[in-house]
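Here is how the chains run, residue by residue.
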Amino acid sequence: MNTPFLCDYFIIVNSDFQLYNKGKVYGQKKGDCMAEELKGFRVKRISQADSEKGLWEFDSFGERLKNASKVLIGIGGEWCKKDKGRIGTGYEALYELVKGKDYFVVTTNTDAVIFDSLLESDRIVAPCGNVTWRQCSESCTKDIWEQGEIADDICPYCGAPLTGNTMEAKEYIEEGYLPQWRKYTGWLAGTMNRGLLILELGEGFRMPEVIRWPFERTVQYNKKAFLYRVNQTFAQLAEGIGDRAVSVKENSVEWVLSNQETYAKMLKNWEKEKENYDGNR
């Protein structure tokens, strides 16, 4: 194939395909004429019924969440403030919103607070690292340890102090998050042509290449996706996604807490309506 880059795999949805490399979409063509170009690549083929609605067709957050097939969540800096109690309550509310859904969480925070929440750890990836994991401060080894696993927090190989396994390290050992990142990109591949609800919560421009920009591209390529960008300071949207995205200039933790209460009430009302409907049949 005549391309200037290596790729991980192709994804074919019905007759269209997209070229993925490290979770990024690099090209899109019709699959009918791709037999020769697909030789030598791993191919993931996904067939979806066209009857699944795009989430832009619904009028409210509650209806979009209720009808979403999958939920992608990005957690940014607004979720690592000093008030850990409030942040913990926010994570509880977020879990209540997405429990029972097929979701995945990407966070640029390194404080590991999210791993103490009810959100499933195997549905979370923290590509910027986790301060509770320890690595050699001189990066003499790619070994990573749990907090307290090594006596005196001293590297057993070179005697240097251990430090947090985060991007703040002198040389970040990325092996800690890569297995989850591969799981995440595989999950993301399965969202093509599905009703994907994207919640970008409190992410600014410190690491936009991890959440902000990839989430925008996902909305651009998946016409059934819908994005909520919630940020007290940086809620602006990119051009071209305005009809399938909402900008919310609020603190994202408070927004989740408020919407969780509203959504719980909506679910109760829907259940009552369904019971009344079933009772009158």
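For the structure itself, look to the data block above.
Throughout what follows, the structure given in this document is the object of discussion. As the structure is a prediction and not an experimental result, all values here were calculated from the model. (Residues numbered from 1 in each chain as written. Predicted model: local features only at pLDDT ≥ 70, side-chain atom pairs only at ≥ 80, totals over all residues. Heavy atoms only, no water.)

The subject of this paragraph is the sheet that holds strand 12 (residues 226-230). A sheet is described by the order of its strands in space; here six strands give the open sequence 7-6-5-11-12-13, paired in parallel fashion. If you trace the sheet from one side to the other, it starts and ends with strand 7 (124-125) and strand 13 (245-248), each paired once. The pairing of strand 12 with strand 13 spans four bridges and is classified as parallel. Counterpart to L227 in the pairing with strand 13 is A245. Lying on the sheet, helix 2 (residues 84-98) is in contact with strand 5 (70-75), strand 6 (102-107) and strand 11 (196-201); it crosses strand 5 at an angle near 165°. Packed onto the sheet, helix 3 (residues 178-189) meets strand 5, strand 6, strand 7 and strand 11 and runs at close to 135° relative to strand 6. (Pairing = 2+ DSSP bridges. Helix = DSSP H or I, 4+ residues; strand = E, 2+ residues; numbered from the N terminus. Contact = heavy atoms within 4.5 Å. Axes fitted to C-alpha atoms, helices over the stretch in contact; angles between N-to-C directions.)

Right, let's talk about the pairing of strand 6 for a bit. Walk down a regular strand and you will see the side chains alternate between the two sheet faces. With five of six residues buried, strand 6 is to be regarded as a mostly interior element. Alignment of strand 5 against strand 6, held across six bridges, turns out to be parallel. Looking at strand 6, one finds that I73 is bridged to V105. The handedness of the strand 5 to strand 6 crossover, carried by helix 2, is right-handed. (Buried < 20%, exposed > 50% of the residue type's maximum accessible area, 1.4 Å probe, protein only. Right-handed = clockwise from strand over helix to strand, strands pointing away.)

Relative to the elements of secondary structure, N259 occurs in helix 5 (residues 252-279). Residue classification places N259 among the buried residues on the basis of a relative accessible area of 14%. In sequence terms N259 and L94 are 165 residues apart; their C-alpha atoms lie 9.2 Å from each other. Discounting chain neighbours no more than four positions away, the residues touching N259 are F61 and L97.

Once that is clear, we can look at unusual backbone geometry. The general pattern is negative phi for most residues beyond glycine and trans for most peptide bonds. Despite not being glycine, D152 shows a phi value in the positive range, around 65°. Note on placement: D152 falls in the loop between strand 9 (145-146) and strand 10 (162-166). For D152, a relative accessible area of 73% translates into the label exposed. Here D153, not a glycine, exhibits a phi torsion of approximately 55°, which is positive. Residue D153 is classed as partly exposed on the basis of its relative accessible area of 27%.

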